[in-house]
Amino acid sequence: MAVYMVLPSILLAGIFLLAGPYLAEAEYAVELGEAVLTLDASNFSEVVAKHQFIVVEFYAPWCGHCKQLAPEYEKAAAILRKHDPLVALAKLDAYDERNKEIKDKYQVHSYPTIKIIENGGNNVRGYGGPRDADGIVEYLKKQVGPASIELKSAEEAAHIIGDKRVVLVGFHYCHDVSCFLNIMRMMDANVMHVYEILFQVGVFPKFAGVDYENFMAMAEKKRSDYDFFHTSDAGILPRGDQTIKGPVVRLFKPFDELFVDSQDFDKDALEKFIEVSGFPTVVTFDADPTNHKFLERYYSTPSAKAMLFLNFSDDRIEAFRSQIQEAAKQFSANNISFLIGDVEAADRAFQYFGLKEDDVPLLFVLAQGGKYLNPTIDPDQYGNLTPYVKSEPIPKVNDQPVKVVVADSIDDIVFNSGKNVLLEFYAPWCGHCRKLAPILEEVAVSMQDDEDVVIAKMDGTANDIPTDFAVEGYPTIYLYSTTGDLYSYNGGRSAEDIISFIKKHKGPKVSVVDEVAQTGAGAVEEVSTPWSPSELLKDEL
């Protein structure tokens, strides 16, 4: 029986888009007058080395989100090319094989991916700002400014922090001119941006010392993800103890307890405080763009995931929120991440996981050992979780030379068939897969007289892929032999090459007795699992 686990690494790729262009030296622009520099393997290192601050969009020519971003990126570039200091915006076709080494170096796994590269390539960080031209310009201007900004008045603090942002504030108290000069010397190590909703404010008796320096270093490191401020007067802050003298870091946020203080300025402890306290106990999946960064982190974090989806217009919404908040607190130590999602905004998640809107309110759990589902639940009774596999319907007719495999039929056609099965994992949108299709058809026809060989294909985007197979791109081809051995195919794309591979690795014919025993060994009784994360996931975590 196959075990399924698919990590949603690209689930939100369509939600997070980005923009930003610029015109630098004309010799690097493909077309005169373009504000966005065009880079490739021949000029990338040279251009990056010449810039203290350059933004690079890694794109694919076929990517719809990249095409949507392009005009906004160009507008931003045209504005930022006049900025002092220079903010250069560039792009690189990461889908071009000639640029693969650069793509791998900068860990580009989806499109578009945007990186901020500083100091001639020595410092690299992700872009975390808006995707429209004005937002890109505002965000990047602040990225080349100080990493932490001083708050000087209650009005300024109230305006910046408000009720919808997460802020880190450090508190300082200056008593002489030398303290003020120290601030001015260290300001270039700090910056803020207004796209995020998390604010870190440092309160210090004076703008100097190890605690202050660690705060500023963290501001520089995390400036793409959080807004940082510092002040010498806690009394101007809208929430928290206004008499505290510091040093203390206060994190402001629009969820959970609204603010949290820490007085541990050890670099590792400070980073952990920001990451843990700045993340919601329960992530919300809705149309609010301020939640997108939390969603991105939620789905990219290696943990078990419990997701409650319902219509937010449901009159029981508050009861559901209360229940999942309590569950999240109860199991906070079990490495389980919780989410509540509006079905109206989560259509892509439903498509990715193969869920049905008719089943909401539903609880969906993703763990290392598999997926579990409980549909049409009530706030006070979550009932039982049952194993779940995303699968297309099993074809009623499957008589073509290349057999169609779905998640619900892979055991019968591949693992328990007693045959040597060449299985292609493909994606409907994949151009290479379309080119390979007639070749696999030729292979299947050529080997149709060999009863021990099956040529098959499976849509990897519409079915859960067993963990037996490592599928990182399409097409991916494996041969599962009658001996139970699994061989990955990395050879040529001709019928002759594939046939030669099959003949080299196929196993012997399976006897009737062996086939019955193999089929019996693969049979698994369906079970109903109680909804208890500690019981359900204790072996997984």
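Residues numbered from 1 in each chain as written. Predicted model: local features only at pLDDT ≥ 70, side-chain atom pairs only at ≥ 80, totals over all residues. Heavy atoms only, no water.

## Regarding a negative patch on the surface
Thinking step 1. Together, Glu344, Asp347, Glu357 and Asp358 make up a region of like negative charge exposed at the surface.
Thinking step 2. If you trace the backbone, glutamate 344 turns up in the loop between strand S14 (336-342) and helix H11 (347-353).
Thinking step 3. Taking relative accessible area as the criterion, glutamate 344 reaches 56% and is therefore assigned exposed. (Patch = residues over 30% accessible without salt bridge, like charges linked within 9 Å, V, L, I, M, F, W, Y side chains within 5 Å. Areas by Shrake-Rupley, 256 points an atom, 1.4 Å probe, with all protein chains shown as cover. Salt bridge = Lys/Arg side-chain N within 4 Å of Asp/Glu carboxyl O. Lys, Arg positive; Asp, Glu negative; His and termini not counted. Charge placed at Lys NZ, Arg CZ, Asp CG, Glu CD. Helix = DSSP H or I, 4+ residues; strand = E, 2+ residues; numbered from the N terminus. Buried < 20%, exposed > 50% of the residue type's maximum accessible area, 1.4 Å probe, protein only.)

## Some remarks on the sheet that holds strand S3 (residues 88-93)
Strand pairing in a sheet takes place through backbone hydrogen bonds and is either antiparallel or parallel in direction.
Thinking step 1. The sheet built from 5 strands is open, its strands ordered S1-S3-S2-S4-S5 with mixed pairing. For this open sheet the edge positions go to strand S1 (37-39) and strand S5 (123-126), each flanked by a neighbour on one side alone. Strand-to-strand twist in this sheet, taken as the mean axis angle between neighbours without regard to direction, amounts to 30°.
Thinking step 2. Bridging between strand S2 (residues 53-59) and strand S4 (residues 113-118) involves 6 bridges; their strand directions are antiparallel. Counted as the bridge partner of glutamate 57 is isoleucine 114 from S4. (Pairing = 2+ DSSP bridges. Axes fitted to C-alpha atoms, helices over the stretch in contact; angles between N-to-C directions.)

## Thoughts on the packing of helix H2 (residues 64-80) against helix H4 (residues 133-143)
Thinking step 1. Across the interface, H2 lies against H4 with an axial gap of 8 Å and an inter-helix angle of 45°. On the basis of the axis angle, H2 is oblique to H4. When you trace H2 past H4, the crossing you get is right-handed. For the pair H2 and H4, the contacting residues are Glu72, Lys75, Ala76, Ile79 and Leu80 in the first and Ala133, Ile136, Val137, Leu140 and Lys141 in the second.
Thinking step 2. Looking at the contact of H2 with H4 residue by residue, the classes come out as 7 nonpolar, no polar and 3 charged. (Parallel < 35°, antiparallel > 145°, perpendicular 65-115°, else oblique. Left-handed = near helix turned anticlockwise from the far one by under 90°. Contact = heavy atoms within 4.5 Å. Nonpolar A, V, L, I, M, F, W, Y, C, P; charged D, E, K, R; others polar.)

## As for the sheet that holds strand S20 (residues 453-459)
Thinking step 1. Taken in spatial order, the 5 strands line up as S18-S20-S19-S21-S22 in an open sheet, and their pairing is mixed. What marks the edges here is a single partner per strand, and that holds for strand S18 (403-404) and strand S22 (486-489).
Thinking step 2. Examined bridge by bridge, strand S21 (residues 476-480) and S22 share 4 bridges and lie antiparallel to one another. In the strand pairing of S22, tyrosine 478 is matched with serine 488.
Thinking step 3. Contacts from helix H13 (residues 431-446) reach strand S19 (420-426), S20 and S21 within the one sheet, and its direction differs from that of S19 by about 165°.

## Some words on the packing of aromatic side chains
Thinking step 1. For the structure on display, the rule yields 26 aromatic pairs.
Thinking step 2. A ring pair is formed by phenylalanine 215 and phenylalanine 228, whose centres lie 5.8 Å apart and whose planes are at 70°; its orientation type is edge-to-face. Within this pair, whereas phenylalanine 215 is found in helix H7 (residues 210-222), its partner phenylalanine 228 is found in strand S9 (residues 227-231), the two being separated by 13 residues in sequence. As far as the burial class goes, phenylalanine 215 and phenylalanine 228 line up, both buried.
Thinking step 3. With 6.0 Å between their ring centres and 40° between their planes, phenylalanine 415 and phenylalanine 469 make a pair best called tilted. In this pair, phenylalanine 415 sits in helix H12 (residues 410-415) while phenylalanine 469 sits in the loop between S20 and S21, placing the two residues 54 residues apart along the sequence. Across the pair, phenylalanine 469 and phenylalanine 415 agree in class, each one buried.
Thinking step 4. In textbook terms, an aromatic cluster arises when at least three aromatic residues are bridged by ring pairs, as seen for Phe285, Tyr298, Tyr299, Tyr352, Phe353, Phe364 and Tyr388.
Thinking step 5. Positioned over the ring face of tyrosine 298 is lysine 305, at 5.5 Å from the centre of the ring.
Thinking step 6. The aromatic ring of tyrosine 352 is capped on one face by lysine 390, whose charged end is 5.1 Å from the ring centroid. (Phe/Tyr/Trp six-rings, centres within 6.5 Å; stacked < 30°, edge-to-face > 60°. Lys NZ or Arg CZ within 6 Å of the ring centre and 35° of its normal.)

## Describing the pairing of strand S11 (residues 259-262)
Thinking step 1. Across the two faces of S11 the burial differs, with Val260 and Ser262 buried and Phe259 and Asp261 not buried at all.
Thinking step 2. By the bridge criterion, 4 bridges tie strand S10 (residues 248-252) to S11 in an arrangement that is antiparallel. Bridge pairing in S11 links arginine 250 to aspartate 261.
Thinking step 3. Connecting the antiparallel pair S10 and S11 is a turn made up of 6 residues, with aspartate 256 showing a positive phi of about 55°.

## Digging into the side chain of lysine 222
Thinking step 1. Looking at the element boundaries, lysine 222 is found in helix H7.
Thinking step 2. Every residue in contact with lysine 222, bar those within four places of it in the chain, is listed here: Phe228, Glu271 and Glu275.

## Brief notes about the nonpolar core
Thinking step 1. Counting residues in hydrophobic clusters, the biggest one holds 24 residues, and the most contacted among them are Tyr299, Met307, Phe309, Leu339, Phe353 and Leu355.
Thinking step 2. Looking at this core, the elements that each hand over two or more residues are strand S12 (282-285), helix H9 (292-300), strand S13 (304-310), H11 and strand S15 (362-367).
Thinking step 3. Residues Ala328, Phe331, Ile340 and Ala367 belong to the second largest nonpolar core, which totals 21 residues. (Core = buried A, V, L, I, M, F, W, Y, C linked by side-chain atoms within 4.5 Å.)

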